[in-house]
Amino acid sequence: MRKCIRCEIEMIDGQDVKVEGAAYGLKITKPGIFKENLGKVHAAVCPECGYIEFYLEDTSKIKK
């Protein structure tokens with residue numbers, strides 16, 4: 001469960017993030033020549049104030 005940092009109520013998570021145009025979604029990668037894909041970005045939205053928070057579901061690739 002994700003809580004809104006403004007309203008402190010439960011956010012609606014698991015929302016997909018899309019870019020207008022031909023591209024679909026955002027991906028987070030490590031810096032460098034061979035950029036390893038760290039995962040698909042998702043969003044949580046507060047139903048009260050509209051605050052949006054981005055997150056990765058699987059953080060195992062960014063942990064050391």
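Residues numbered from 1 in each chain as written. Predicted model: local features only at pLDDT ≥ 70, side-chain atom pairs only at ≥ 80, totals over all residues. Heavy atoms only, no water.

Draft legend 1. Representation of the nonpolar core within the structure. Listed in full, the 6 residues of the largest apolar core are C4, M11, A44, C46, Y51 and Y55. If near-sequence neighbours (up to four positions away) are discounted, C46 is found in contact with C4, C7, I9, M11 and Y51. Grouped together as the second largest cluster of nonpolar side chains are 5 residues, V17, L38, A43 and L56 included. (Core = buried A, V, L, I, M, F, W, Y, C linked by side-chain atoms within 4.5 Å. Buried < 20%, exposed > 50% of the residue type's maximum accessible area, 1.4 Å probe, protein only. Contact = heavy atoms within 4.5 Å.)

Draft legend 2. Quick look at unusual backbone geometry. Non-glycine residue E8 carries a positive phi angle of around 60 degrees. Locating E8 in the fold gives a position in the segment before β1 (12–16). With a relative accessible area of 57%, E8 lands in the exposed category. (Helix = DSSP H or I, 4+ residues; strand = E, 2+ residues; numbered from the N terminus.)

Draft legend 3. Main features of a negative patch on the surface. A surface patch of like charges, here negative, comprises E10, D13, E57 and D58. With respect to the element layout, D58 can be found in the segment after β4 (52–56). Overall, the relative accessible area of 46% leaves D58 in the partly exposed class. (Patch = residues over 30% accessible without salt bridge, like charges linked within 9 Å, V, L, I, M, F, W, Y side chains within 5 Å. Areas by Shrake-Rupley, 256 points an atom, 1.4 Å probe, with all protein chains shown as cover. Salt bridge = Lys/Arg side-chain N within 4 Å of Asp/Glu carboxyl O. Lys, Arg positive; Asp, Glu negative; His and termini not counted. Charge placed at Lys NZ, Arg CZ, Asp CG, Glu CD.)

Draft legend 4. Geometry of the side chain of E53. Examined against the element boundaries, E53 turns out to sit in strand β4. Within the structure, the side chain of E53 is placed 3.4 Å from the side chain of R2, a separation counted as a polar contact. Other than its neighbours up to four places away in sequence, E53 contacts R2, M11, H42, A43 and A44. (Polar contact = N/O pair within 3.5 Å; in protein donor to acceptor, adjacent residues only side chain to side chain.)

Draft legend 5. Quick look at the pairing of strand β3 (residues 37–45). As defined by bridge partners, β1 adjoins β3 across 3 bridges and the pair is classed as antiparallel. When the bridges of β3 are listed, I12 appears paired with V45. Sheet topology places β3 next to β4; 5 bridges connect them, and they run antiparallel. Paired with V45 across the strands is I52, a residue of β4. Where β3 folds back on β4, the antiparallel hairpin that results is connected by 6 residues, among which G50 adopts a positive phi of roughly 85 degrees. (Pairing = 2+ DSSP bridges.)

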